[in-house]
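# Structural description and commentary
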Amino acid sequence: MSDDFNMSMRKFLKQVGVTSQQAIEEAMRDAETAGKTFEAKAVITIDGLEMEHVVTGTIQGQD
């Protein structure tokens, strides 16, 4: 894989991680989450490749 490919992929994944964390933290701040567990799902698609990647997990509410 080329350096340009690796850099563009890393830049995209960093943006996904940072913006997703910010959005989740904002949503958690605006809701009553103490003692609750939330099911989470992230879906990444790439137009033109017919690729879909799904990640699921749980997020523990804030006390």
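Everything discussed here concerns the structure shown above.
Just so it is clear, the structure is predicted and the values come from calculations on it, not from any experiment.

The rules we used
- Residues numbered from 1 in each chain as written.
- Predicted model: local features only at pLDDT ≥ 70, side-chain atom pairs only at ≥ 80, totals over all residues.
- Heavy atoms only, no water.
- Helix = DSSP H or I, 4+ residues; strand = E, 2+ residues; numbered from the N terminus.
- Rg over C-alpha atoms; globule rule 2.2 N^0.38 Å.
- Buried < 20%, exposed > 50% of the residue type's maximum accessible area, 1.4 Å probe, protein only.
- Contact = heavy atoms within 4.5 Å.
- Areas by Shrake-Rupley, 256 points an atom, 1.4 Å probe, with all protein chains shown as cover.
- Lys, Arg positive; Asp, Glu negative; His and termini not counted.
- Charge placed at Lys NZ, Arg CZ, Asp CG, Glu CD.
- Pairing = 2+ DSSP bridges.

### Section: the overall build of the chain
When you go through the chain residue by residue, the secondary structure sums to 1 helix and 2 strands. At 15 Å, the chain has a C-alpha radius of gyration far larger than the 11 Å of a compact globule built from 63 residues. For the chain, with 63 residues in total, the buried portion stands at 5%. A separation of at least 24 residues holds for 31% of the contacts in the chain among residues at least 6 apart in sequence. Element-wise, carbon and sulfur atoms account for 53% of the exposed surface of the chain, whose accessible area totals about 5700 Å². Both charge centroids of the chain, one from 6 positive and one from 11 negative side chains, sit 4 Å from each other.

### Here we look at the pairing of strand S1 (residues 37-46)
Looking at chain direction, S1 and strand S2 (residues 51-60) are connected through 10 bridges and run antiparallel. Looking at the pairing, Ile46 lines up with Met51 of S2. Between S1 and S2, which follow one another and run antiparallel, lie 4 residues, and Gly48 among them has a positive phi close to 90 degrees.

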